[in-house]
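Structure at a glance
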Amino acid sequence: MNEERTERLFISYSADGAIIREAVARRKSAGHTYWTASMDSLHTALLPPPTCIVEVYPVFMQTGRTVRHTLPECLRAAYKPWDGCPDFCYRSVWGASPELASLAFPFLRQVLSVPSALLVIAHGHSSRQQAPEPGIFVSNLSRFLPPPYEIHLCWFGAGSDAPCAEDIFPDIRKRRVAVLPFLAGRGMHYRNDMPSRTLAAQFSKEILLLPPLGEILAPAL
């Protein structure tokens, strides 16, 4: 039977999210001990003992198959060599936190001091139902940046049925577009999937690619 002691485990997708993962862990743990790992290092990471209840904090921006299915499978596999497995208590992804918009506001207000539209771009899914977190973030951000600020949301990802940047550019009124990746770190998607200046030029737009949201928020946590 597990002890009553509860440990907190903060997990990012890969090492690219380590900076924001550590910042989130410190903020949520408030001086208490915590454990951290990335999904690609679970087999070698130092993990809480299996005799504890483990609160799992996915430092991910969106819910999806990876968080709902792959992460639990990876954790069970990581504990397989142990004599037992903890009781896991899964918390919401970090991207669902209502504080993201308020933390991002000071940075974005400065960026938008030069007349610009803000284009938030998030990871798409092959299913017709997209993860809710990017839309929640945009909705919350709109309270801090109401009209005449111009905020749009689009998605990247092969197979996604949601609008991509190419679909949204014709609706953007301003010429300068600040692109905000709804990502934790500078991983594969940041390096390979952001809208290009060539694409923007086809719609008479100029783009400014901002750092990933996680990187922007890390110093404020």
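Position labels on residues start from 1 in each chain and follow its written sequence. Thresholds applied to this predicted model are a pLDDT of at least 70 for local features of residues and 80 or more for the giving and counting of side-chain atom pairs; totals over whole chains, interfaces and linings are not thresholded and use all residues. Working from all heavy atoms in the structure, the side-chain values ignore hydrogens and water.

Turning next to the sheet that holds strand β2 (residues 35–38). Two strands make a pair as long as DSSP finds a minimum of two bridges between them. Put simply, DSSP marks the helices as runs of H or I at least four residues long and the strands as runs of E at least two long, and each gets a number from the N terminus on. Here four strands make up an open sheet; going across it, the order is β2-β1-β3-β4 and the pairing parallel. Pairing within the sheet leaves two strands with one partner each, and these edge strands are β2 and β4 (87–90). Taking the axes of each pair of neighbouring strands and ignoring which way they run, one obtains an average angle of 30° across the sheet. The pairing of strand β1 (residues 6–12) with β2 spans four bridges and is parallel. Of the residues in β2, the one forming a bridge with Ser12 is Ser38. Helix α1 (residues 18–29) contacts β1, β2 and β3 (53–58) of the sheet and is inclined by roughly 155° relative to β1. The axes used here are C-alpha line fits, helices contributing only the stretch in contact, and every angle between their N-to-C directions lies in the interval 0 to 180 degrees. Pairs of residues are marked as contacts when any of their non-hydrogen atoms sit within 4.5 Å.

Let's shift gears to the state of the cysteines. In this description, the term disulfide denotes a pair of cysteine sulfurs within 2.5 Å. Here the structure, examined in full by the defined rule, presents zero disulfides. For Cys154, which is in no disulfide, the shortest distance to another cysteine sulfur is to Cys164 and amounts to 7.2 Å. Working definition: with a 1.4 Å probe on protein chains only, accessible area under 20% of the residue-type maximum means buried, over 50% means exposed, and in between means partly exposed. Judged by relative accessible area, which is 0%, Cys154 ranks as buried.

Another point: the nonpolar core. Residue types Ala, Val, Leu, Ile, Met, Phe, Trp, Tyr and Cys, when buried and joined through side-chain atoms within 4.5 Å, form a set referred to as a nonpolar core. Core analysis: the biggest nonpolar cluster contains 36 residues, and Leu118, Phe137, Leu180 and Leu213 have the highest contact counts within it. Broken down by secondary-structure element, the contributors of at least two residues to this core are α1, α3 (99–111), β5 (117–123), α4 (133–144), β6 (150–156), β7 (176–181) and α8 (213–217). With seven residues, α3 is the single largest residue contributor to this core. Once you skip the residues sitting within four places of it in the chain, Leu118 turns out to touch Leu108, Leu112, Leu141, Glu150, Ile151, His152, Ala178, Leu180 and Leu210. Counting 17 residues, the second largest nonpolar core, distinct from the first, contains Ile168, Val179, Leu199 and Ile207.

A word on α3. Helix span, expected: 1.5 Å multiplied by one less than the number of residues in the helix. With 13 residues, α3 should reach 18 Å at 1.5 Å per residue; the first-to-last C-alpha distance of 19 Å fits that figure. What we call the bend at a residue is the angle made by axes fitted to the seven residues finishing there and the seven residues starting there. Within α3, the axis deviates most sharply at Phe105, by approximately 45°, and proline Pro106 lies no more than four positions further along. Inspection of α3 places Leu100, Ala101, Leu103, Ala104, Phe105, Leu108 and Val111 among the buried residues, and these make up the whole buried set. Elements in contact with the buried residues of α3: β5, α4, β7, β8 (206–209) and α8.

So, on to the packing of aromatic side chains. Pairs were defined over the aromatic rings of Phe, Tyr and Trp, the Trp ring being its six-membered one, requiring ring centres within 6.5 Å. Orientation was assigned from the angle between planes: stacked under 30 degrees, edge-to-face over 60, tilted for the rest. Tallied over the entire structure, the rule returns nine aromatic pairs. Plain terms: the ring middles of Phe10 and Tyr57 are 4.7 Å apart, the flat faces sit at 15° to each other, and that makes the pair stacked. One end of the pair, Phe10, is in strand β1; the other, Tyr57, is in strand β3, and 47 residues separate them in sequence. Residue classification places Phe10 among the buried positions, given a relative accessible area of 0%. The class for Tyr57 is buried, based on a relative accessible area of 12%. Within the aromatic cluster, the residues linked to one another by ring pairs are Tyr79, Trp82, Phe88 and Tyr90.

This part covers helix α2 (residues 65–78). Between its first and last C-alpha atoms α2 spans 19 Å; for 14 residues at 1.5 Å apiece the expected length is 20 Å, and the two agree. Roughly 30° is the biggest bend found in α2, and it falls at Leu71, with proline Pro72 one to four residues downstream. All of the buried residues along α2 are Val67, Leu71, Pro72, Leu75 and Ala78. Considering only its buried residues, α2 is in contact with β1, β3 and β4.

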